[in-house]
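# Fold and contact review
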Amino acid sequence: MTDTPHIARPFLDVAKSATGRRWVGPTGEDDRLGEAMAQATGLPPSLCRILVRRGVTAAEAPAFLAPTLRDLLPDPRSLRDMEPAAARLVAAATSRQRIAIFADYDVDGGTSAALLIDWLRPFDVTPTLYVPDRIDEGYGPNDEAMAMLARDHDLIICVDCGTLSHGPLAAAKGTDVVVLDHHLGGETLPPAHAVVNPNRQDETGDLAHLCAAGVVFLCLVEANRQLRTKGGPTPDLMGLLDLVALGTVADVAPLVGVNRAFVRQGLTVMGRRQRAGLVALSDVARMDTAPSTYHLGFLLGPRINAGGRIGKADLGARLLATTNVAEARAMADRLDQLNTERREVETQVRDAALEQAEARGHDAPLVWAAGEGWHPGVVGIVASRLKEATNRPAIVIGFDGDIGKGSGRSVSGIDLGAAIQRCAAEGLLIKGGGHKMAAGLTVARDKLDAAMARLSDLLAKQGAGEMGPADLRVDGLLMPGAATVDLIEHIEQAGPFGAGAPAPRFVFPDCTITFAKQVGANHLKLTFGDGISARLDAICFGAMDGPLGPLLMNHGGARFHLAGRLDINEWQGRRSAQLRLEDAAPAT
């Protein structure tokens, strides 16, 4: 007789929630270890249970709760080519050579470029900033741009791009090129003075979680070390951590290892409001509280990206690098306007892509959609929406004539970048690459169906077609009266939260909804209680676009289990606990 694998009982017996997910809660062993940690450390039990689920032991807890660069910063020289890359940068800076920075058009590229521009200021060196136009030039270096930059510069530094750009880098004749990147490398490296990339195939992978801004920061750490050995002054690096934090969060890099220290300390630097561009952008985004990962990922990041998506590609990088307050305000206003336009374009493409994907079906290993005239600047965002709706890797492609440019987003455990790179090597794509969770591609119209079929096959071999709706992992039960500002501040000690380190999610059981109202185009605001005295406010973004909003709006007095993450709502000087609602299930 064959043993069947044990499947844990759903949390609160929720096998299919309002959003179609099974709830998975902590085990009895998690609870036991959490209580033991609380007794051993004196930390709050709620915090200890979260640490246990992160794999943190009692001995490791103090250091985990206070991540510092002193403890977590790796030796930059552990990355291949780092010493010659930093040495070339130092030589160019100290001899005031002509430097060009070729940067990607997203937040990671913009923050990487701004890091170098800031670092070079004490040397009285103003580099040329070149950011390719997303539509006219596409991602990464191209032959024409590199040849043009090579004619007038002694050094070209490619940030957040360049690892797969063999031809364009060869076109930079007579000029040294340094690549500081994190995208998946190929079997061979491009012709360059140095290629620093934790995702080179000959790297150990120990620092694969770094985004490009993190790689650039490590290069600057090594550059400062080399300057000190020569007895020279060194630019301040700690003041640059706001940029590293922004790049890390906006590029959805996992918040593990040194990334935790980058973000924790970077948020502190950002809170001092000393960078003109970020101050201006925070003001137009109406940020009136201390910066958090939420602000970086959902308020600042999208606005900086808007320039590269549908506006002037270098606007975000210039904003981050400027020291002129008036110039910063003007650029922030423009990016805010572009972000509004981006939302409108995104909505049109999203609706068409969702309809097309629905007609094709959501059960295949790959969910994809393609359309004529879909703006290349929003296809990545729409791919994210498809991925979230289906728990499948998703690709969205916009065609202009016979050539389509697309972007893909993956789910945990499925390496989309490698699959796209394989298709490009097989000739089904004009070009393509990226990393595990996000990638881009260019495809000819007559090869679209064959390319998508091959990608689907490659992803199926990784298990993509076997996934049902994603489980909703919850960290435990909480009653409305226990959700206090003090509790949230205790929980935040386990942060920063984000990719690879999600904020804890709690279930409020058997609750009565006392108030529900649609706000904005598709959001839901509600108040719920335990039926006795305690009540808690909640907000659910995008609720009316799916089944969750209508269910709770028309509750008819029914009771529900409500799941979500806690945060602090600050309004007119008053701070209160609030639930960011993510899911619900009838309390039967």
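Below is a summary of the structure that appears in this document. (Residues numbered from 1 in each chain as written. Predicted model: local features only at pLDDT ≥ 70, side-chain atom pairs only at ≥ 80, totals over all residues. Heavy atoms only, no water.)

Here the focus is the packing of aromatic side chains. Remark: the centre distance and the inter-plane angle together describe each pair of aromatic rings, the angle taken between the planes. The tally for this structure, following the rule as stated, stands at 5 aromatic pairs. With a centroid separation of 5.5 Å and 65 degrees between ring planes, the pair formed by phenylalanine 508 and phenylalanine 528 is classed as edge-to-face. Within this pair, whereas phenylalanine 508 is found in strand 14 (residues 506-519), its partner phenylalanine 528 is found in strand 15 (residues 523-529), the two being separated by 20 residues in sequence. Here the guanidinium or amino end of arginine 445 rests over the ring plane of phenylalanine 399, the centre of that ring lying 4.4 Å away. (Phe/Tyr/Trp six-rings, centres within 6.5 Å; stacked < 30°, edge-to-face > 60°. Helix = DSSP H or I, 4+ residues; strand = E, 2+ residues; numbered from the N terminus. Lys NZ or Arg CZ within 6 Å of the ring centre and 35° of its normal.)

A word on the packing of helix 15 (residues 325-360) against helix 16 (residues 379-390). The contact between helix 15 and helix 16 brings their axes to 9 Å, and the two run at 45 degrees. As the angle between them shows, helix 15 and helix 16 are arranged oblique. When the axes of helix 15 and helix 16 are compared, the crossing they make is right-handed. Taken together, the residues of helix 16 that come into contact with helix 15 (itself represented by Arg342, Glu346, Val349, Arg350, Ala353, Leu354 and Ala357) are Ile381, Val382, Arg385 and Leu386. (Axes fitted to C-alpha atoms, helices over the stretch in contact; angles between N-to-C directions. Parallel < 35°, antiparallel > 145°, perpendicular 65-115°, else oblique. Left-handed = near helix turned anticlockwise from the far one by under 90°. Contact = heavy atoms within 4.5 Å.)

Where helix 5 (residues 82-94) contacts helix 9 (residues 212-229), the two axes come as close as 9 Å, and the packing angle between them is 65 degrees. Comparing their axes, helix 9 and helix 5 come out roughly perpendicular. Crossing of helix 5 against helix 9: the hand is right-handed. Contact residues: Met82, Glu83, Ala85, Ala86, Ala87, Leu89, Val90 and Thr94 in helix 5; Val215, Leu218, Cys219, Leu220, Glu222, Ala223, Arg225, Gln226 and Leu227 in helix 9. Of the residues contributing to the contact of helix 5 with helix 9, the split by class is 12 nonpolar, 2 polar and 3 charged. (Nonpolar A, V, L, I, M, F, W, Y, C, P; charged D, E, K, R; others polar.)

Time to look at the pattern of salt bridges. One pass over the full model with this rule turns up 40 salt bridges. In this structure, arginine 96 engages aspartate 124 in a salt bridge whose closest nitrogen and oxygen atoms are separated by 3.2 Å. Separated by 28 residues along the polypeptide, arginine 96 in the loop between helix 5 and strand 2 (99-103) and aspartate 124 in the loop between helix 6 (107-120) and strand 3 (128-130) bring together distant segments of the chain. Taken as a pair, arginine 96 and aspartate 124 share a single burial class, namely exposed. A single salt-bridge network, built from bridges that share partners, covers Asp75, Arg77, Glu83, Glu222 and Arg225. (Salt bridge = Lys/Arg side-chain N within 4 Å of Asp/Glu carboxyl O. Buried < 20%, exposed > 50% of the residue type's maximum accessible area, 1.4 Å probe, protein only.)

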